[in-house]
Amino acid sequence: MSSSFHPRTPGSGLSRRQVLGAAVATGAGMALAAALPGAAAATAPAAAGSGVAPTEWDTLAARLDGIQGVSTTPPTGVVTNGYTRGALLGNGDLGVVVGYTDVAQRFYFGRMEHWGTTWGPSTGLTDSCLSIANLTISSPDTSPSPADAYRMTQDIRTGEVRTSMQLGTPTVSMVSWTADCDNVFVTDLSVPAGSPDARITVALAARSSSPGHNVQYPTVASVSADGTTLRLTRSGDPFPASDWRSTQALAVRLIGASHTSASATAEEATVTFTLTAGKSVHVVTAVRGDARSGPGGPAAATLADRAEAAAKAITASRLDSLRAEHHDWWRDFWMRSYVDLGDPALESYYYGALYVLGASTRAGKLPPALYGGWITTDLPNWENKYFLNYDYEATFYGAGSANRPGLLESYCRPLLDELPYQRNNTAQLGYQGACYGRKLTPQHIGRPAPAPVPVAATKNPRGLTDQKSNGSFGFMPAIDRWQYYREEDYLRKELYPALKELAAFWADYMTWDGTRYTVEHSGSHENWDDFNPGLDLGFIRRVYTVLLEASVLLNQDARMRSEWQHVLAKLSAQPTGTYGGTSVYTLAEVVDPRHSPFVVHDQPINLEGVVHPAGVVQLGSAPVDVQRARDSLALQNEWGSTGNSYPKTFLMAARVGWSGPDLLARFKAQTAKRWRPSNLTYAQPGGGLETTANIEMLNSMLLTGEFGLLRFFPVWPAHRPASFTRLRAKGGYVVSGSLSQGRVQQVDVLAEHAGTVRFANPWAGLVPIVELVESDGHKTSTVPVSKERAGGPGTGDGAEAYTFKAKAGATYRITRPASAVAGTLAGAVTTTAPGPVDLTAAGTTDWVHYGLAGRTDRKADGGARISDVSVIGNDTLHVFNEGNVTYSWTDGAPTAAATATPTGFFLRRVGNGFRLTVPAGTEPQQLSLHLGASKALATVSAMLSDGSAPPWSGTFDSQSSNGNATAVLNFAAASEGQTLTVTYQVTVSHSADGQGNATLAAATLA
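Residues numbered from 1 in each chain as written. Predicted model: local features only at pLDDT ≥ 70, side-chain atom pairs only at ≥ 80, totals over all residues. Heavy atoms only, no water.

- The protein carries the name Glycosyl hydrolase family 95 catalytic domain-containing protein in an unreviewed UniProt entry, which gives Kitasatospora paracochleata as its organism.

Spelled out as structure tokens, the structure:
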């Protein structure tokens, strides 16, 4: 599509480029090579022999058809200062929000480039993104039963909104969509043959005043000279500080109908026509605009003429072409990667979030800020600006792993074009390099860089932003772009120079105290004054680490490497402390005296510089660091109920290996609380598009590539079948994989660059098989694999790392070797009547008992084969003393003998539970768990480490108090040295206060 954005220099515009998506053999043996969504032209439908199997798209299309935003009554909250509930349409430039009443449909138009002055009671006069106009379709006739006919569907597969609405007597069908190669919006209207005709009114309107905001926006509505086209222009009042000037023009024309009357007032143009039953009418809206810093743009009337000409140039056949291109664009977007999670709620979130990204973002166009182009008022919250202290970045957290490079290309543009301006601002304050402010507007995007200014002789630290981390935070997804796609041209020309500017600032700003580098007077939160904030330290680590790697790869700045290495070696450690006796990551080494270093029930800012997006601690880091991160999340206990935590907590938990079943249960529960089925979005308090961030949470459960080590299904529950196709891992790998029957079945890895592929063996104790795969799916040869010595990067959790040599552009299939012996795992849960249990008699190999004197007793000579119990979730072990099943033993330690003790442990609330392990070999064993529940349904799950038998699960449900059961597991592994892992978790609470609990009193092994 043509861009209407203009810098000061006439004729210059935003760069566009096309990146070819690499292919990887899928489970069906196909390979896909798709043009980057956002390229200038849509890719044609796949033909026979094209390499794209029709059945692959058919299967995915059927999945997407089952995921639609649906409103059976008109959605509320369509017009809002925040994240609208209306149905969403867009082409990455033009945004359209849909929804009004059951007798009128309205479409609200917005663009990220349309800015001007606004006024709010808390902000006063400020610059802001503004709404443009709206288009309303209604009838002058009364509708007798509109509620019965109303239905609006947001079709994410095709990028269309379908509405059924009674307008007058007949029910009118509307299909609305945005073109992808031009800012054209279309609504197709029809009435079934045999129905009465419908009289339809189309109104194009905007306000010249912004009520209550004390600002005027020049608006002119008119009808074209020939009476066929509605016209409207609206201009933003330039904000003095930026002098940003934007005027937008819209023209509406009917195809397939002759209007009966057209008229205009100062702010509204209308046309009325008859919609004949059995025929279609197309309402075509063309949008043309101009946005730039400073004067020199075309007059509003000129833009209106351009919009009118564009609308009149569209014929019925051109509409057919535009719609076909539109469908092709969305098909290519969806085919870049997809997942099968086996869960409708999870997939509704996942694909709904991807749709938001696809509709709001295109390479070469202004990226979306808080609400993108879906603006319905002239005072959007936080002016719809690019906030660099999390909001802007979080929207794009999943773009890299989802294998959609156009999204990250768009994301990077504001940061890169803003760099010379931020560098000059920083120089005027006496510092080298670039320190970014908290928020950006589009005013510098696409403009020529200003002349550099000299660094002032006197430093003015108070003139800098409160959060010195903003710029480095902003470049975290820009670094992701490099690490996921390995585009050396991007690294050389854009990212590496920018990172050098960030490092130059840090080198000038940090304090060297003789032993370490520190960061003073920077805030972990807005308006805080901290010493050594974790944000700053974590982002400095990642920036300098990538700088060093890039310096070597590009063969540049060899003289700077020792300085950068010294910073990394001597940078202050990430701040830690204790909370309730547990080691945690804190917000800063010394926090602002007005605040606390560790805050429960608050967003985990303390982990953004540690886990994500800084990536200092991940699954596979040193165990003490990973446990500290998990404990921090558990003790903070903030899983989306407060602002900004939803896009952070779940993703961080996935990255440090949180229990998969627990993580999914928490995520689904929280998502359901604020889910909007009208447009498949989650709305957190005060938030916007950043709630798409958990695309990355789900992708991270399926695939990661941290520390140069590919992990397949690292956090996904083994008992839940799942698959992913063409996800991307850091290092330039495109990966597909499947998990079923409790184990990873196969993984295909496309290596876009030659080199060594490292991966964590998903079949511990077995040597994986790697085979070269041709484009037709045929396996041609076995590739040698090598097992790394223990202790390699990213194996802090004991993962077995294997390697193989890969050729650039080749696909490799990793599979599990066939076992000589299959394992077994079977179980049953039965209700236990009150009475005694003799652990000495039952636990001939080993036994444990929980809760006597608040501790664990076990068989003295059992070798501790049954592990100590660990807690899943954020509760702590509680002791009960009044069980109606009692336990006795005569061979225990530390209590040698006990008679009829009624004690045990319990844990409360959904997601919390117990975990224990038992060694497994080829000899059959039997493990019995003496458990219970109170006002809860709880689930027992068990799996063998070698995946030689499908995982097993069973449930116990106690609607009232103190139910008891025994879970008996019979198992054997396919090889020696394996482990049986058993969990028992609260799945459903029947208690009104959510305190339903699961109990565990004893376990025996025989």
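Read on, since the account is not over.
## Here's the deal with the layout of surface pockets
Part 1 of the argument: As a volume, the second largest pocket reaches approximately 950 Å³.
Part 2 of the argument: Taken together, 40 residues make up the lining of the second largest pocket; nearest its centre are Gln483, Arg486, Glu549, Phe707 and Gly708.
Part 3 of the argument: Every element with two or more residues in the lining of the second largest pocket is listed here: helix H9 (476-485), helix H10 (488-509), helix H11 (534-554) and strand E38 (755-760).
Part 4 of the argument: Here the residues of the lining of the second largest pocket are counted per class, giving 19 nonpolar, 10 polar and 11 charged. (1 Å grid on protein atoms, 1.4 Å probe; cavity = no way out; pocket = protein on both sides within 12 Å on 5 of 7 lines; lining within 4 Å. Points joined across faces, edges and corners; volume = space filled by probe spheres on them. Helix = DSSP H or I, 4+ residues; strand = E, 2+ residues; numbered from the N terminus. Nonpolar A, V, L, I, M, F, W, Y, C, P; charged D, E, K, R; others polar.)

## Comments concerning the environment of Lys673
Part 1 of the argument: Counting through the fold element by element, Lys673 comes out in helix H15 (residues 660-673).
Part 2 of the argument: Separated by 330 residues in the primary sequence, Lys673 and Asp343 place their C-alpha atoms 17 Å from one another.

## Comments concerning the UniProt feature "domain: Glycosyl hydrolase family 95 catalytic" (unreviewed entry) in the protein
Part 1 of the argument: Mapped onto this numbering, the UniProt entry gives "domain: Glycosyl hydrolase family 95 catalytic" (unreviewed entry) at residues 342-581.
Part 2 of the argument: Overall, residues 342-581 shows 48% helix and 8% strand. The separation of its end C-alpha atoms is 40 Å. (UniProt positions renumbered as here; feature names shortened; annotations may be inferred.)

## Here we look at the sheet that holds strand E30 (residues 588-590)
Part 1 of the argument: Taken in spatial order, the 3 strands line up as E26-E27-E30 in an open sheet, and their pairing is antiparallel. What marks the edges here is a single partner per strand, and that holds for strand E26 (520-522) and E30. Put simply, the sheet's adjacent strands are angled 60 degrees from each other on average, direction ignored.
Part 2 of the argument: Pairing geometry for strand E27 (residues 530-533) and E30, over 2 bridges, is antiparallel. Looking at the pairing, Pro533 lines up with Ala588 of E30.
Part 3 of the argument: Sitting on the sheet, H11 touches E26, E27 and E30, and the angle it makes with E27 is about 35 degrees. (Pairing = 2+ DSSP bridges. Axes fitted to C-alpha atoms, helices over the stretch in contact; angles between N-to-C directions. Contact = heavy atoms within 4.5 Å.)

## Quick notes on helix H7 (residues 405-428)
Part 1 of the argument: Its 24 residues give H7 an end-to-end C-alpha distance of 36 Å, which sits within 8% of 34 Å, the value for a rise of 1.5 Å per residue.
Part 2 of the argument: Its maximal kink placed at Leu419, H7 deviates by approximately 45 degrees, while the proline Pro420 follows within four residues.
Part 3 of the argument: Count one or two residues on from H7 and you reach Gly430, which has phi positive near 95 degrees. (Expected span 1.5 Å × (residues − 1). Bend = angle between axes of the 7 residues up to and from the residue.)

## Topic: the sheet that holds strand E37 (residues 743-751)
Part 1 of the argument: Taken in spatial order, the 7 strands of this open sheet run E21-E35-E36-E37-E43-E39-E40, and their pairing is antiparallel. Each edge of the sheet is formed by a strand with only one pairing partner; in this case those strands are strand E21 (338-340) and strand E40 (779-783). Here the strands of the sheet are splayed against their neighbours by 25 degrees on average, with no regard to which way each runs.
Part 2 of the argument: As paired strands, strand E35 (residues 722-729) and strand E36 (residues 733-740) are joined by 6 bridges and run antiparallel to one another. Bridge pairing links Ala722 to Leu739 in E36.

## Observations concerning the side chain of Ser700
Part 1 of the argument: Summarising the element assignment, Ser700 is placed in helix H16 (residues 694-702).
Part 2 of the argument: In this structure Ser700 comes out as buried when scored by relative accessible area, which is 1%.
Part 3 of the argument: A polar contact is formed between the side chain of Ser700 and the side chain of Arg655, at a distance of 3.0 Å.
Part 4 of the argument: Among the polar contacts made by the side chain of Ser700, one reaches the main-chain carbonyl oxygen of Glu696 at a distance of 2.8 Å. (Buried < 20%, exposed > 50% of the residue type's maximum accessible area, 1.4 Å probe, protein only. Polar contact = N/O pair within 3.5 Å; in protein donor to acceptor, adjacent residues only side chain to side chain.)

## As for the packing of aromatic side chains
The geometry of an aromatic ring pair is captured by the separation of the ring centres together with the interplanar angle, meaning the angle of the planes.
Part 1 of the argument: Taken as a whole and judged by the stated rule, the model has 37 aromatic pairs.
Part 2 of the argument: Residues Phe333 and Trp334 carry aromatic rings whose centres are separated by 5.2 Å and whose planes lie at 75 degrees to one another, so their mutual orientation is edge-to-face. Each member of the pair, Phe333 together with Trp334, is buried.
Part 3 of the argument: Centre to centre, the rings of Trp639 and Trp658 are 5.1 Å apart; their planes meet at 65 degrees, and the pair counts as edge-to-face. Residue Trp639 is located in the loop between helix H13 (623-636) and helix H14 (646-655), and its partner Trp658 is located in the loop between H14 and H15; the two are separated by 19 residues in the primary sequence. Each of the two residues, Trp639 as well as Trp658, counts as buried.
Part 4 of the argument: Through a chain of ring-to-ring contacts, the aromatic side chains of Trp329, Trp330, Phe333, Trp334, Tyr350, Tyr351 and Tyr355 assemble into a single cluster. (Phe/Tyr/Trp six-rings, centres within 6.5 Å; stacked < 30°, edge-to-face > 60°.)

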